[in-house]
Amino acid sequence: MDIDMNVPHEYVTAIDHVGVAVPDLDEALAYYRDCYGMVALHIETNEEQGVKEAMVGLPNQHPNAALIQVLSPLSEDSTIGKFLAKNGPGLQQLCLRTNNLDALSEHLKAQGKRLLYPEPKKGTAGARINFVHPKDAGGVLLELTEPAS
Ligand code: MC0
């Protein structure tokens, strides 16, 4: 396969997480703990995004390993509330980690990809985040996250 070296591969550094929409955070955390021995490594409420979320992983996993983000809605009219009403619980997003959200965003816009926000917003643990519209990302809501240093 030919690889286009003009694509800034170095801006994407990892698969950060997959996001799962759930109606009840505690119930979901009990499921991951009891069935798979996975634990909440971080829990946070993000009012702007309308979610209470937990990053779930194995207690001793590599710090860079991908996580499961469990997303519960703060209200019915939040993004996750509406997703649950339309689809029920399930995979809501795939998130790639980047070391340069601004440069990657410019690259994506130059490819005609629609980003949801004109400027990055605040994500998990102070990260800068944006999203590629699912219609421009193979039917998957694709989050981009640049972790806080
Ligand atoms: C909607 N669509 C999806 C989708 N949501 N496709 C795949 N995955 C999803 N999650 C599809 C719809 O079915 C529809 O297709 C089309 O996209 C447009 O949908 P819409 O009805 O116009 O728009 P909405 O109201 O469904 O909103 C979709 C949109 C929204 C992506 C704009 O979910 C959004 O703003 N998301 C970004 C913020 C977010 O997800 N926050 C929660 C996570 P058809 O074919 O029916 O036209 S917060 C988070 O993740 C933070 C804490 C973090 O990680 O740091």
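Residues numbered from 1 in each chain as written. Predicted model: local features only at pLDDT ≥ 70, side-chain atom pairs only at ≥ 80, totals over all residues. Heavy atoms only, no water.

Draft legend 1. Expanded view of the overall build of the protein. A count of helical and extended segments in the protein gives 3 helices and 8 strands. Reading the protein from its N terminus to its C terminus gives the helix and strand order β-α-β-β-β-α-β-α-β-β-β. Taking 2.2 N^0.38 as the reference for a compact globule, 149 residues should give roughly 15 Å; the C-alpha atoms of the protein span a radius of gyration of 16 Å, in line with that estimate. Overall, the C-alpha framework of the protein stretches about 45 × 35 × 30 Å when taken along its three principal axes. Within the protein, buried positions represent 42% of all 149 residues. Intrachain contacts of the protein at a sequence separation of at least 6 include 54% that bridge at least 24 residues. Counting only carbon and sulfur atoms, one obtains 54% of the accessible surface of the protein, whose full area is about 8,700 Å². (Helix = DSSP H or I, 4+ residues; strand = E, 2+ residues; numbered from the N terminus. Rg over C-alpha atoms; globule rule 2.2 N^0.38 Å. Buried < 20%, exposed > 50% of the residue type's maximum accessible area, 1.4 Å probe, protein only. Contact = heavy atoms within 4.5 Å. Areas by Shrake-Rupley, 256 points an atom, 1.4 Å probe, with all protein chains shown as cover.)

Draft legend 2. How the structure looks around the site of the ligand. Taken together, 22 residues sit near the ligand, with Gln 49, Gln 69, Gln 93, Thr 124 and Lys 135 positioned nearest. A distance of 2.7 Å is found between an oxygen atom of the ligand and a side-chain nitrogen or oxygen belonging to Lys 135. Side-chain polar atom of Glu 143 to an oxygen atom of the ligand: 2.9 Å apart, as the coordinates give it. Relative to its unbound accessible surface of 1,100 Å², the ligand loses 68% to contact with the protein. For the shell around the ligand, the secondary structure elements donating two or more residues are α2 (79-87), β5 (90-98) and β7 (128-132). (Near = heavy atom within 4 Å. Polar contact = N/O pair within 3.5 Å; in protein donor to acceptor, adjacent residues only side chain to side chain.)

Draft legend 3. Representation of the layout of surface pockets within the structure. Taken as a whole, the largest pocket spans an internal volume of roughly 340 Å³. Along the wall of the largest pocket there are 20 residues; nearest its centre are Asp 16, Met 55, Leu 67, Arg 97 and Thr 124. Considering only residue class, the lining of the largest pocket consists of 10 nonpolar, 7 polar and 3 charged. Approximately 270 Å³ is the volume attributed to the second largest pocket. Together, 18 residues line the second largest pocket, and Gln 49, Thr 79, Gln 92, Gln 93 and Phe 131 are the ones closest to its centre. Within the residue set of the lining of the second largest pocket, elements represented by two or more residues are β3 (51-57), β4 (67-73), α2, β5 and β7. (1 Å grid on protein atoms, 1.4 Å probe; cavity = no way out; pocket = protein on both sides within 12 Å on 5 of 7 lines; lining within 4 Å. Points joined across faces, edges and corners; volume = space filled by probe spheres on them. Nonpolar A, V, L, I, M, F, W, Y, C, P; charged D, E, K, R; others polar.)

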